[in-house]
Amino acid sequence: MNTTTFLLNVGLQLVLCSNIIFAEKPQNICQDFKFVLDEDVVNDHALDGHVFQRHTVKTAAQCHMMCRDDCLCVSMNYLLNVKENNCELNDVGQKKKPDALKVKHGAQYYDLVRSYTVEGGRKYVHGKDRCVNRCCEPNPCFHDEECQEICDPNDVRFNCTCSANYIGERCERRCYRSCKDVFETGVTASARYIICDGQSEPFYVYCDIESESDYVWTLIQSFSLSRKYLFHDKPFGDNYPVGENLPEKCRWYERINIRGIQCYGCTALTGQRDGKHWYINSYTSIEHGCQFNGRPGMGSSEYNFGRYANSRVNTDHRCSSSPSSTTEHWFGNKKV
């Protein structure tokens, strides 16, 4: 029997049992791991986009042991024609992500086949039996967040419940509430940070913490004039359409500077029509009784700071002087 034939008939089975106190009596929960090289395999396929760890091994059986011993592992890719990092551990399987299973010649895809039983051989019942698989011993969740063990053969074996301050599979990443929150935790460098909204959904924003001693600034939009067509019909409220239609009216500004015409603590004609970008109307501002007068040095019409539609562009305005000119919008928070 040659080596290849031998490996194809190797089978591994491991049963791990835990004794717990539940419903006022001891109860055994057993994890049964099964691995047979010529079973539960999809040849010339690999799960794409869900690898969280790679190892260098000599056999698929060793890759299985790596997956079995990592509570985040649900499936594995074993690469036959690769010597380094040929064992890829996935945090999901084909049952949950069938579209992620891709053709890859020379690869073998394996689910981590396992089952859970209660004492006496009865099958584990979710919601009735308490899951104990020792994956929360010690706690794998960062920052002492809550860990819950899971006995689902198609899922990871534990779940971390993160507080509002952290995100990630193991609560490993800090999630701030705002750029001001970033500053108040002691951070002093301007950079991209992860911000969470009211539903703890994370997204990246750029925080300017350094440029002004009294303010922290949050960048909410930045685009060049050459890409204005992507933005001039996109309102600020595009993702949260409450009050996105702002009729043109005189609105107060701490400071405005358009083509060198400056105004401090004054009003300027501002609007955001349905489905259009926010803007300042320099040309008719004074006609509507606003304090800012943007007419000197301009043509027949001009919009500023985002609504650069049609011919409403003046090259004397720094934000629209050339195709590479950039318009940015920021929110500011006082540091103290």
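About the thresholds
Residues numbered from 1 in each chain as written. Predicted model: local features only at pLDDT ≥ 70, side-chain atom pairs only at ≥ 80, totals over all residues. Heavy atoms only, no water. Disulfide = S-S within 2.5 Å. Helix = DSSP H or I, 4+ residues; strand = E, 2+ residues; numbered from the N terminus. Buried < 20%, exposed > 50% of the residue type's maximum accessible area, 1.4 Å probe, protein only. Phe/Tyr/Trp six-rings, centres within 6.5 Å; stacked < 30°, edge-to-face > 60°. Lys NZ or Arg CZ within 6 Å of the ring centre and 35° of its normal. UniProt positions renumbered as here; feature names shortened; annotations may be inferred. Pairing = 2+ DSSP bridges. Patch = residues over 30% accessible without salt bridge, like charges linked within 9 Å, V, L, I, M, F, W, Y side chains within 5 Å. Areas by Shrake-Rupley, 256 points an atom, 1.4 Å probe, with all protein chains shown as cover. Salt bridge = Lys/Arg side-chain N within 4 Å of Asp/Glu carboxyl O.

(A) Main features of the state of the cysteines. Throughout the structure, instances matching the rule amount to 11 disulfides. Sulfur-sulfur distance for the disulfide between Cys-136 and Cys-147 comes to 1.9 Å. When the S-S torsion is -75°, as for the bridge of Cys-136 with Cys-147, the disulfide is left-handed. Placement of Cys-136 in the loop between strand E9 (122–123) and strand E10 (146–149) and of Cys-147 in strand E10 is noted, with a sequence separation of 11 residues between them. Look at Cys-136 and you get buried, because its relative accessible area is 16%. Linked covalently through their sulfurs, Cys-162 and Cys-171 form a disulfide whose S-S length is 2.1 Å. Disulfide Cys-162-Cys-171: torsion about the S-S bond near -95°, hence left-handed.

(B) Spotlight on the packing of aromatic side chains. For the structure on display, the rule yields 8 aromatic pairs. Here the aromatic rings of Tyr-206 and Trp-330 are separated by 6.2 Å at their centres, their planes lie at 75°, and the arrangement is edge-to-face. Of this pair, Tyr-206 sits in strand E15 (residues 202–208) while Trp-330 sits in strand E21 (residues 326–334), and the two are 124 residues apart along the sequence. You can call Trp-330 partly exposed: its relative accessible area is 29%. Among the aromatic residues, those joined into a ring-pair cluster are Phe-223, Phe-231 and Tyr-308. We note Arg-174 situated over the ring of Tyr-166; from NZ or CZ to the ring centre the distance is 5.6 Å.

(C) Just the UniProt feature "domain: EGF-like" (unreviewed entry) in the protein chain, in detail. The sites that carry the UniProt feature "domain: EGF-like" (unreviewed entry) are, in the present numbering, residues 137–172. Helix makes up 0% of residues 137–172 and strand 28%, and the two end C-alpha atoms of the span are 17 Å apart.

(D) A look at the pairing of strand E18 (residues 261–272). Summarising the sheet, E18 and strand E19 (residues 279–281) pair through 2 bridges and their orientation is antiparallel. Bridging across to E19, Thr-270 finds its partner in Ile-280. Connecting the antiparallel pair E18 and E19 is a turn made up of 6 residues, with Gly-275 showing a positive phi of about 70°.

(E) Up close: the environment of Val-82. Looking at where Val-82 falls in the secondary structure, it is placed in the loop between strand E5 (75–79) and strand E6 (87–90). For the pair formed by Val-82 and Gly-106, sequence separation is 24 residues and the distance between their alpha carbons is 8.7 Å.

(F) Focus on the pairing of strand E16 (residues 215–224). The sheet contact formed by E15 and E16 spans 3 bridges and is antiparallel. Within E16, the position partnered with Tyr-206 by the bridge is Leu-219. Connecting E15 to the antiparallel partner E16 that follows it, the hairpin turn spans 6 residues. In terms of strand pairing, E16 meets E21 through 9 bridges, oriented antiparallel. What sits directly across from Ser-224, in E21, is Thr-326.

(G) View of a nonpolar patch on the surface. Together, Ile-220, Phe-236 and Phe-331 line one region of the surface with nonpolar side chains, adding up to about 280 Å² of accessible area. Its place among the elements puts Phe-236 in the loop between E16 and strand E17 (246–258). Residue classification places Phe-236 among the partly exposed positions, given a relative accessible area of 35%.

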